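Structural features, examined
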Amino acid sequence: MTSILILNGPNLNLLGTRQPEVYGHITLDDIETLCRSHGEALGMDVAFLQSNSEGALLEAIHSAKGAHDGIILNAGAYTHTSIALMDAISSVELPVIELHLSNVHAREEFRHVSYIARVALGVICGFGAAGYPLAMDALLGHLTRDG
Ligand code: DQA
């Protein structure tokens, strides 16, 4: 069975109350439920994690090698700053889809820069929580096509 890791970075634990005008009212628990039910429909095993710590996100990416077939990563603000996360993705050689709830390109200029995008299979942003099942479909399509 295909197994994926859905990894969420800093401040995403605050979804539901955090800047609802940008991120909506959906909570991270709601997103996890959505991903788990979509995973069941796709016949996919889903691990779902969130951390505010860059180190813990790095460890989760390292541990994904051999345990999962691919990663969906919403690295939050670390997207725009973390060469370490970029290097971790290059090191484990797993397909990674970069994900954002908001359309980062329609926001401040510093959000237009992504270290993750340089090593990602692709990027999904701007569709809110619906981006998660979209990313799961895209990752499964990639894994199925490429064997
Ligand atoms: C985000 C976009 C980032 O720029 C921001 O720092 C976040 C959330 C999103 O999902 O839209 O924390 O990754």
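So, a few notes on the structure that sits alongside this text.

Conventions we followed
Residues numbered from 1 in each chain as written. Predicted model: local features only at pLDDT ≥ 70, side-chain atom pairs only at ≥ 80, totals over all residues. Heavy atoms only, no water. Pairing = 2+ DSSP bridges. Helix = DSSP H or I, 4+ residues; strand = E, 2+ residues; numbered from the N terminus. Axes fitted to C-alpha atoms, helices over the stretch in contact; angles between N-to-C directions. Contact = heavy atoms within 4.5 Å. Buried < 20%, exposed > 50% of the residue type's maximum accessible area, 1.4 Å probe, protein only.

1. Here's the deal with the sheet that holds strand S2 (residues 45–50)
Spatial strand order, S2-S1-S3-S4-S5: 5 strands in an open sheet with parallel pairing. Single-partner strands in this sheet number two, and they are S2 and strand S5 (122–125). For this sheet the average axis-to-axis angle between neighbouring strands, irrespective of direction, equals 20 degrees. In terms of strand pairing, strand S1 (residues 3–8) meets strand S3 (residues 70–74) through 5 bridges, oriented parallel. Counted as the bridge partner of Leu-7 is Leu-73 from S3. Relative to S1, helix H3 (residues 54–64) is tilted by about 175 degrees, and along the sheet it contacts S1, S2 and S3.

2. Here's the deal with unusual backbone geometry
Most peptide bonds take the trans configuration, and most residues that are not glycine carry a negative phi. In this structure, Asn-11 is a non-glycine residue whose phi angle is positive, near 75 degrees. Tracing the backbone through its elements, the reader meets Asn-11 in the loop between S1 and helix H1 (20–23). Residue classification places Asn-11 among the partly exposed residues on the basis of a relative accessible area of 34%. Although it is not a glycine, Gln-19 sits at a positive phi angle of roughly 30 degrees. With respect to the helices and strands, the residue Gln-19 is situated in the loop between S1 and H1. With relative accessibility at 38%, the residue Gln-19 sits in the partly exposed group.

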